[in-house]
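# A closer look at the structure
If you want the building blocks of each chain, they are given just below.
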Amino acid sequence: MAGRVLDITKENLWTNNPIFIQILGICSALAVTSNLINTSIMSAGVIFVTGFSNLTVSVLKNIIPRKVRMIIQTLIIAFYVIIVDIFLRAFLPDISRALGAYIGLIITNCIIMGRAEAFAGSHPPLISLWDGLTSGTGYMAVLMLIAFVRELLGYGTIFGFEVFPGGKLFGLWLIFPDGFQHWIIMLMPPSAFFLLGIFIWIAKTILLKSKDNP
Amino acid sequence: MTPEISPIILLLASIFTSNILLANFLGMCSFISISKDLKAANGLGLAVIVVMTITSVINYAVYHYIIVFFEIEYLRFIVFIIVIAAVVQMLEMLIERISPALYMGLGIFLPLITVNCAILGVSLFIQIRDYSLVQAVVYGFGSGVGWWLAILALAAIRKKVDTSPVPAGLKGPGITLIIIGLMAMAFMGFSGMLNVQ
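Residues numbered from 1 in each chain as written. Chains lettered and ligands numbered in written order. Predicted model: local features only at pLDDT ≥ 70, side-chain atom pairs only at ≥ 80, totals over all residues. Heavy atoms only, no water.

A count of helical and extended segments in chain B gives 9 helices and 0 strands. The helix and strand sequence of chain B, counted from the amino end, reads α-α-α-α-α-α-α-α-α. Over its C-alpha atoms chain B spans a radius of gyration of 17 Å, differing by no more than 12% from the 16 Å that the globule rule assigns to 197 residues. In terms of its C-alpha atoms, chain B occupies a principal-axis envelope of roughly 60 × 45 × 30 Å. Of all 197 residues assigned to chain B, the portion counted as buried reaches 54%. Long-range contacts, defined here as pairs at least 24 residues apart, represent 79% of the contacts in chain B between residues at least 6 apart. If you sum the accessible surface of chain B, you get close to 8,800 Å²; carbon and sulfur atoms cover 71% of it. (Helix = DSSP H or I, 4+ residues; strand = E, 2+ residues; numbered from the N terminus. Rg over C-alpha atoms; globule rule 2.2 N^0.38 Å. Buried < 20%, exposed > 50% of the residue type's maximum accessible area, 1.4 Å probe, protein only. Contact = heavy atoms within 4.5 Å. Areas by Shrake-Rupley, 256 points an atom, 1.4 Å probe, with all protein chains shown as cover.)

Let us now look at the overall build of chain A. Scanning chain A from N- to C-terminus turns up 10 helices and 4 strands. Secondary structure elements of chain A, listed N to C terminal, follow the sequence α-α-α-α-α-α-α-α-β-β-β-β-α-α. Within the span of chain A, comprising 214 residues, buried residues form 49% of the whole. Sequence separation of 24 or more characterises 77% of the internal contacts of chain A that already satisfy a separation of 6 or more. About 10,300 Å² of surface is accessible on chain A, with carbon and sulfur atoms providing 71% of the total.

Quick look at the pattern of salt bridges now. All names here are of chain A. As enumerated under the stated definition, the model contains 4 salt bridges over all chains in all. Ionic pairing is found between Arg 69 and Glu 117, a salt bridge with its closest N-O pair at 2.6 Å. On the criterion of sequence distance, the pair formed by Arg 69 in helix α4 (residues 69-91) and Glu 117 in helix α7 (residues 110-118) is long-range, its members being 48 residues apart. You can call Glu 117 partly exposed: its relative accessible area is 31%. Among the ionic pairs, Asp 85 bridges to Arg 89, the shortest N-O distance being 2.9 Å. (Salt bridge = Lys/Arg side-chain N within 4 Å of Asp/Glu carboxyl O.)

Another point: the interface of chain B and chain A. Listed per partner, the contact involves 41 residues of chain B and 40 residues of chain A. Both faces combined, the contact of chain B with chain A buries some 3,300 Å², and carbon together with sulfur accounts for 85% of it. Interface area lost by chain B to chain A is led by Phe 25, Phe 77 and Leu 177 of chain B, which between them contribute 21%. Counting across the interface, chain B meets chain A through 0 salt bridges. Counting the contacts that link chain B with chain A gives 1 residue pair in polar contact (both at pLDDT 80 or more). Contributions of two or more residues to the side of chain B that touches chain A are made by α2 (28-34), α4 (76-98), α7 (117-128) and α9 (173-188) of chain B. A per-class count over the side of chain B that touches chain A returns 32 nonpolar, 7 polar and 2 charged. (Buried area = accessible area lost by both parts, 1.4 Å probe. Polar contact = N/O pair within 3.5 Å; in protein donor to acceptor, adjacent residues only side chain to side chain. Nonpolar A, V, L, I, M, F, W, Y, C, P; charged D, E, K, R; others polar.)

Turning our eyes to something else, we now look at the packing of helix α3 (residues 38-70) of chain B against α4 of chain B. Residue and element names in this part refer to chain B. Here α3 crosses α4 at 140°, and the two axes come no closer than 10 Å. On the basis of their axis angle, the class for α3 and α4 is oblique. In the crossing of α3 with α4, the sense of the turn from one axis to the other is right-handed. Each of Val 50, Val 51, Ile 54, Thr 55, Ile 58, Asn 59, Val 62, Tyr 63 and Ile 67 in α3 lies in contact with α4, whose residues at this interface are Arg 76, Val 79, Phe 80, Val 83, Ile 84, Val 87, Val 88 and Leu 91. (Axes fitted to C-alpha atoms, helices over the stretch in contact; angles between N-to-C directions. Parallel < 35°, antiparallel > 145°, perpendicular 65-115°, else oblique. Left-handed = near helix turned anticlockwise from the far one by under 90°.)

We now examine the confidence of the model for chain A. Across chain A, pLDDT averages 83, with 89% of residues at or above 70. For chain A, strand β4 (residues 172-173) of chain A is the element with the lowest average pLDDT, namely 54, and helix α3 (residues 36-60) of chain A is the one with the highest, namely 92. (pLDDT = per-residue confidence, 0-100.)

Another aspect to go through is the side chain of Asn 54 of chain A. Residues and elements named next belong to chain A. Along the polypeptide, Asn 54 turns up in helix α3. Its relative accessible area of 0% is what places Asn 54 among the buried residues. Within polar-contact distance, the side chain of Asn 54 engages the backbone nitrogen of Ala 116 at 3.4 Å. Sequence-distant contacts of Asn 54, defined by excluding residues within four places in its chain, comprise Val 49, Arg 115, Ala 116, Ala 120, Ser 128, Asp 131 and Gly 132.

Once that is clear, we can look at the packing of α4 of chain A against α7 of chain A. Residue and element names in this part refer to chain A. α7 packs onto α4 with a crossing angle of 125° between their chain directions and a minimal axis gap of 11 Å. Between α4 and α7, the interaxial angle falls into the category oblique. Handedness of the α4/α7 crossing: right-handed. Of α7, the residues touching α4 (which contributes Arg 69, Met 70, Gln 73, Thr 74 and Ile 77) are Ile 112, Met 113, Ala 116 and Glu 117.

Attention shifts here to the environment of Phe 79 of chain A. Checked against the element boundaries, Phe 79 of chain A lands in helix α4. Classification of Phe 79 of chain A as partly exposed rests on a relative accessible area of 47%.

On to the nonpolar core, then. Grouped together as the largest cluster of nonpolar side chains are 112 residues, with contacts concentrated most on Leu 196 of chain A together with Met 28, Ile 113 and Trp 147 of chain B. Counting residues per element, this core draws most heavily on α3 of chain B, which supplies 11 residues. Setting aside its immediate chain neighbours within four residues, Ile 113 of chain B contacts Leu 44, Ala 47, Val 48, Val 51, Val 88 and Ile 119 of chain B. (Core = buried A, V, L, I, M, F, W, Y, C linked by side-chain atoms within 4.5 Å.)

The subject of this paragraph is the environment of Leu 11 of chain B. By the element assignment, Leu 11 of chain B lies in helix α1 (residues 7-17). If sequence neighbours within four positions are ignored, Leu 11 of chain B has contacts with Val 138, Phe 141 and Gly 142 of chain B.

So, on to the confidence of the model for chain B. Residue and element names in this part refer to chain B. Taken as a whole, chain B shows an average pLDDT of 84; of its residues, 95% reach a score of 70 or greater. In the model of chain B, helix α6 (residues 110-114) stands out as the element of lowest mean pLDDT, 74, in contrast to helix α8 (residues 133-162), which has the highest, 90. Listed scores for the predicted complex are pTM 0.85 and ipTM 0.83.

Here you go:
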């Protein structure tokens, strides 16, 4: 059992990462990655929804008729997304406004549907919950990586903190004497595509190498 | 407050400058898997135009006359997705009855569309930006056309890439994403003409 849990963790985080390998759920993934705070809130929402919708689907799997299971799964997912939406609007109204439609779009995030269909439909509840949580974490890891690069180069900040202060510090000239020159392209949509493409390239190359000489 | 945008400008903006796929990243999943084949891409693109236009009108009406009336705004996600699933199901049955030939070309893509984020995204954008009915129709149709245009272009480019020497790790989704990035840059060139958010 413990080995199984570890296997699932490793699969979802790396060898079968939902974004790198299965190319699922990038719809909502790319849009929110221009800064780290929004990204972490968004992916926390996705982790919550994936985990608990997996748990619910797994508990109900013998009751749901096979013919209508897709729509039932969608409704279960929508139920959790509404919880996330209401929670954000109550406690983090600014971020809720910034994320806008993308919170609602967690419903059609293919990772969640994919895990419910591929894993939760045929496994016991607790392990399904774990599978959902780790899948969500694998998704979060990639998103944070992209957001890190985009925010660092686009705004010169990490989580809103200035990383490249201009001017003199301790009497020394820093690398950027005139302050950090923002990379505007990083704030625009194309950079998200390029970064994800490059990260997939790196990840796949490493995976291919380790497959060749295990 | 309904924004004051002329429908023609909104139509052009939703096709080119704020393309639903290249600027808002919606509908990527089926976009990447279907764009391998030009014919299938065309079929799916046309199906998206039809479904997007119909659902944006119905969801507009449902939101303004039912959801707001009963004050159940928090249920809008569920209502929107049910409307989309129902429209897709009915359209599938209708097309199968009317024209089997069209069903073979278009119908097989319809189930895929229910989980296409672009469809739900358009309904949500219309509601969040508070578009009027005319604007909603135009925006839904324009976004569909934009999506169709993008997937056709990508499918055509991918045909060429298949025969090019691409590093093993970059093959498939990696190079596709980089192509989409270049396409997004090309579409950004239109943004000098009009600016609508």
